[in-house]
Amino acid sequence: NAGVTQTPKFQVLKTGQSMTLQCAQDMNHNSMYWYRQDPGMGLRLIYYSASEGTTDKGEVPNGYNVSRLNKREFSLRLESAAPSQTSVYFCASSDSRELFFGEGSRLTVL
Amino acid sequence: AQSVTQPDIHITVSEGASLELRCNYSYGATPYLFWYVQSPGQGLQLLLKYFSGDTLVQGIKGFEAEFKRSQSSFNLRKPSVHWSDAAEYFCAVGAWGNTPLVFGKGTRLSVIA
């Protein structure tokens, strides 16, 4: 089992460029999440999807959009990247009790 | 609002010494509680979790945590720290269902010889 797979693992963008982080899980979980991690801030929720077809904002949604493409996939899009979005991004899925995390995607915006 | 407080930003302990990392939470429902560890440049590894039952839970790598409802705490302990335990530790709180986990800001552990 692959669990939760995120791509890409590393990305460098210029300010104003767009990109999409992809996330897929093979555990048949209903809920999926996107967090960002910044030094001294812990993990903060960007968006989540409780089930296929639904998405909800988290603590820090500004500058991001998400798509729950199907039950397996939950993508995060930066339409116009800003240096403040330099971070490590984690995707996770849940079996209603605990989260299962991907390995993270390190994004740098210059 | 749900919140998790890890009062210690950085702790330094000597190898072989005991360790306690503090975690306090504020959560309206019956909480599920978690501790994660993250080594530099790595992802998150689940150390242990509490859902219900025995309030003292055992985890991997010799860690344990105790849920104290009256104190809204879930402190992480280890009797004897190894140099390889140097990492950042995150406490998180959640509940059954699709409610997202709320994380503390983390405690960085340094281990000295």
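Below is a short write-up of the structure. What you are looking at is a predicted structure, and each value in this text was computed from that prediction instead of being measured. (Residues numbered from 1 in each chain as written. Chains lettered and ligands numbered in written order. Predicted model: local features only at pLDDT ≥ 70, side-chain atom pairs only at ≥ 80, totals over all residues. Heavy atoms only, no water.)

1. What about the overall build of chain B?
In step 1: Scanning chain B for helices and strands turns up zero helices and twelve strands.
In step 2: Counting helices and strands in the order they occur from the N terminus, chain B gives β-β-β-β-β-β-β-β-β-β-β-β.
In step 3: Seen through its principal axes, chain B has C-alpha atoms that stretch 40 × 30 × 20 Å.
In step 4: With 113 residues in all, chain B has 45% of them scored as buried.
In step 5: Considering only contacts in chain B between residues 6 or more positions apart, those separated by 24 or more positions represent 54%.
In step 6: On chain B, the mean spot of the 9 positive side-chain charges and the mean spot of the 8 negative ones are 5 Å from each other. (Helix = DSSP H or I, 4+ residues; strand = E, 2+ residues; numbered from the N terminus. Buried < 20%, exposed > 50% of the residue type's maximum accessible area, 1.4 Å probe, protein only. Contact = heavy atoms within 4.5 Å. Lys, Arg positive; Asp, Glu negative; His and termini not counted. Charge placed at Lys NZ, Arg CZ, Asp CG, Glu CD.)

2. Comments concerning the interface of chain B and chain A
In step 1: Counting residues at the interface gives 22 residues for chain B and 20 residues for chain A.
In step 2: Note on chain B versus chain A: buried area summed over both sides is about 1600 Å², and carbon and sulfur give 59% of it.
In step 3: Linking chain B with chain A are one salt bridge, by the criterion used here.
In step 4: For E98 of chain A, the salt bridge goes to K49 of chain B, with nearest N and O atoms at 2.4 Å.
In step 5: Applying the counting criterion to the chain B and chain A interface returns four residue pairs in polar contact (both at pLDDT 80 or more).
In step 6: Those elements that provide at least two residues to the side of chain B that touches chain A are β5 (32-38) and β6 (45-50) of chain B.
In step 7: Of the residues forming the side of chain B that touches chain A, the biggest block, four residues, is contributed by β5 of chain B.
In step 8: In the side of chain B that touches chain A, the residues fall into twelve nonpolar, eight polar and two charged. (Buried area = accessible area lost by both parts, 1.4 Å probe. Salt bridge = Lys/Arg side-chain N within 4 Å of Asp/Glu carboxyl O. Polar contact = N/O pair within 3.5 Å; in protein donor to acceptor, adjacent residues only side chain to side chain. Nonpolar A, V, L, I, M, F, W, Y, C, P; charged D, E, K, R; others polar.)

3. Points about the nonpolar core
Residues and elements named next belong to chain B.
In step 1: Core analysis: the biggest nonpolar cluster contains 28 residues, and L19, W35, L47, L48, F74, L76 and Y89 have the highest contact counts within it.
In step 2: Among the secondary structure elements, those contributing two or more residues to this core are β2 (10-14), β3 (19-21), β5, β6, β8 (64-68), β9 (73-78), β10 (87-94) and β12 (107-112).
In step 3: The greatest single-element share of this core, amounting to four residues, is contributed by β10. (Core = buried A, V, L, I, M, F, W, Y, C linked by side-chain atoms within 4.5 Å.)

4. Details of the pattern of salt bridges
In step 1: One pass over the structure, following the stated rule, counts nine salt bridges over all chains.
In step 2: Between R77 of chain A and E79 of chain A there is a salt bridge whose closest N-O contact spans 3.1 Å.
In step 3: Accessibility expressed as a relative area gives 30% for R77 of chain A, which makes it partly exposed.
In step 4: E64 of chain B is the partner of R77 of chain B in a salt bridge, and the nearest nitrogen-oxygen pair spans 3.2 Å. Highlighted residues: R77 of chain B in strand β9 and E64 of chain B in strand β8, separated in sequence by 13 residues.
In step 5: Judged by relative accessible area, which is 23%, R77 of chain B ranks as partly exposed.
In step 6: Counted as one network, the salt bridges with shared partners bring together R36, D38 and R44 of chain A.

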